[in-house]
Amino acid sequence: MNILRKFRRVAAAMTAAFCCLTAFSVQAETFMSVKDVQPGMTGYAKTVAHGRKIETFPVEVLGIMKNAGPSGDLILAKFSGPLIEESGGIAQGMSGSPVYINGKLVGAVAYGWSFTKSRMGMITPIEDMVKLWNDPAKEEIPEFNARETQLVPIATPLMASGFDSLSMQWMKDKLKSYNFQPVDTASAGDDNVAYPLEAGSSVAAAFVDGDMRLGAIGTVTYVDDKHIVAFGHPFLKRGSIDYFMHNAYIFTIVNNYDSSFKLGSVGAEVGKIDQDRGSGIAGEYGAVAPGIPVTIHVSDRDTLAAKTKHVKIIEDSELTPVLASTTVYNTVNQTIDRKGGGTATIAYTIRSADGDDKSITRHNMYYSEDNINEKSIDELYNVLDILKHNEFIKYPILSIESDISLTQAKQSARIVDATAAPVVVSPGDTIYFKVKIHPYRGEDEIKDMSFVVPEDQPLGDMVLEVRGGGVVPLPYLIQKQQYNLTDEILERLRTYKDFADLKKKIEEEDSNNQIVIEILEQNVSMVNDEKSTTAKLKIQGKEPVETDKSLVKPKKKLLSEHDDDDEAKSVVDTPYIIHGDGQITIKVMTPAKRDAEMAKRKKSHSGQVSLVESMDGEDSDVTGKKDDVKARKTAIKMRRLIKIRRPRTLKRIMATRMPTRLRTKRMNKFS
């Protein structure tokens, strides 16, 4: 895989660079405990304001704020000097700036008050920050609990390189709880050179690396051998995490009315950040953070433009689905270079690090009247979100590959009719179909299909549904309206036996460009509306009351219940997004009765039945006794019935969309 080889070469180059650098010839510094800090003490802080040069600014201690921080006390201080005047106060990106008093390291500039000129702020004690090097997974770190509601962490800039504003806005909307403020930035000439880190250096915690880069810039507080602490406050407070540790180059400090910030570039990858907790972030210089290689290929069939992008994103249950989709969305925007409607054909593979048996491969088509760019990534985001939050197994991702082609044309077709033969069958027989579709502004086409009657199919009427892959059968839509069921409620009703069942349902989910023929079960319901009372479950040690089983009616089979056997279905792919559905009724008999019935029908007519005829509500057998006039009247009657059965409101509901089973809504919570 090219992407894997590419990042192996990067890792090798990083290792070689580390061997050549005398990165940590820094002697251990002496700490000053917060209990020894007194009001009136003065010192200085270190940070980078331009390029990579470390500068200082004066600090004066005003007092101690007891238990005001996430890990204990905070030191209230006043900041001054030419650098602070130039930057308009403590700027975003200065968080983590080390503070020294009497030559001893006290802590990191970390917090400030809103609605001030940022000349005052809080310092996180270094004693709390270096605890991140211990085993924090066994510790319960309290949530940030400041006494003043105006006390806020100094925001860390999110530098975006290679991204456009639309993709960044999409990411922000998906991760609202993190309050990201991405800033478009440039690249420095030596971004690919690995530089050593020291107290006061700029450092970036990156999400995305490669052809696109995205990361937060802050300041290193302390370095001990290859271990560092920075920021002085949580970045996203994700706990144990694997961000990419990068150098950062500062172009300038931007002053604005809201808050000043450092404008910089995310440079070379130099290590990994493995802790993001209340007192800051911590990581290891020289270590390679695991990441997910993502390969994206997008082509525009109208302009023949094409782009291929390679990135690496972090592995995280909340962030991975959003970051992967954002990089794809950004590539789509840059390739087609327009907004508006169109048709997208997508294919993607999500490879699991736990083996190919857990990998997912899908293809689909989507159409949007106004925003095909965003529509093209909906399914990838939802599937990744389902996999990362599934209840059965942890799902580490080895790689993601996505291929998308787009056109401004509307590539859709409507099912207008279908014929089936024979219409009298026995279990195990094959039924042959001719499905007529009408492409948008095109000529009618005929698709040949076949359907094998299950060996265990009960005798009697068998109703076959002929539909587009993304269309919910009409009876279910009527029931959905009747019970006022939302997609979220239906998602809650749906359950899976294990991960293998979940994977199967994702991969075998019908695509919008397929014609599907399947049995429309008459006893299937979206909800359990049985009126009978069943035995109660055992609760709190009390035995349930015995109920006569003969008095309990059989329960309806729910859509959320899955059979062990494969579903009887016939599917054919088309180059169109398929709309419409209808039902054909087939007679299932014993072989002897079938043969007798077929012999009788051969004398009267061909033995075929059409989609229109079968929707009459009468027997699908159109006998030769009906003359042409009656047949024409019946056909007209059928078309009227179709219009009645498909009111305009339902037609709108049946618009092409991603299948309900792949749709999920999740609240992104700050943790």
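Residues numbered from 1 in each chain as written. Predicted model: local features only at pLDDT ≥ 70, side-chain atom pairs only at ≥ 80, totals over all residues. Heavy atoms only, no water.

Naming follows an unreviewed UniProt entry, where the protein chain appears as Peptidase S55 domain-containing protein of Megasphaera micronuciformis F0359.

Novice: Any details on the pairing of strand β20 (residues 397–407)? Residues and values, ideally.
Specialist: Walk down a regular strand and you will see the side chains alternate between the two sheet faces. For β20, a buried count of eight out of eleven residues is recorded, marking the element as mostly surrounded by other parts of the structure. Two elements, strand β16 (residues 292–300) and β20, share seven bridges in a ladder whose sense is parallel. Paired with valine 294 across the bridge in β20 is isoleucine 400. (Buried < 20%, exposed > 50% of the residue type's maximum accessible area, 1.4 Å probe, protein only. Helix = DSSP H or I, 4+ residues; strand = E, 2+ residues; numbered from the N terminus. Pairing = 2+ DSSP bridges.)

Novice: Give a detailed account of unusual backbone geometry, specifying residues and quantitative values.
Specialist: Cis geometry marks the peptide bond from alanine 421 to proline 422; its omega dihedral reads 0°. You can see proline 422 is positioned in the loop between β21 (412–421) and β22 (424–425). A positive phi angle, close to 75°, is found at phenylalanine 231, a residue other than glycine. Turning to its location among the elements, phenylalanine 231 is positioned in the loop between β12 (227–230) and β13 (239–254). Even without glycine at this site, leucine 304 takes up a positive phi of about 65°. One can find leucine 304 in the loop between β16 and β17 (306–313). Look at leucine 304 and you get exposed, because its relative accessible area is 73%.

Novice: Got a sec to walk through the sheet that holds strand β25 (residues 460–468)? Specific residues and values, please.
Specialist: Taken in spatial order, the five strands of this open sheet run β22-β31-β25-β26-β29, and their pairing is mixed. Bordering the open sheet on either side are β22 and β29 (569–573), each of which pairs with just one other strand. Inspection of the sheet shows strand β26 (residues 514–519) paired to β29 by five bridges, in the antiparallel sense. The partner of isoleucine 515 across the bridge, within β29, is valine 572.

Novice: Tell me about the packing of helix α4 (residues 165–174) against helix α5 (residues 319–336), and please be specific about residues and values.
Specialist: Following both chains from N to C, one finds α4 and α5 inclined at 155°, their axes separated by 9 Å at the closest point. One finds that α4 runs roughly antiparallel with respect to α5. Like other packed secondary-structure pairs, α4 and α5 cross with a definite hand, here right-handed. Residue-level inspection shows Leu166, Ser167, Met168, Trp170, Met171 and Lys174 of α4 in contact with α5, the latter providing Val322, Leu323, Ser325, Thr326, Tyr329, Asn330 and Asn333. A class-by-class count of the residues in the contact of α4 with α5 yields seven nonpolar, five polar and one charged. (Axes fitted to C-alpha atoms, helices over the stretch in contact; angles between N-to-C directions. Parallel < 35°, antiparallel > 145°, perpendicular 65-115°, else oblique. Left-handed = near helix turned anticlockwise from the far one by under 90°. Contact = heavy atoms within 4.5 Å. Nonpolar A, V, L, I, M, F, W, Y, C, P; charged D, E, K, R; others polar.)

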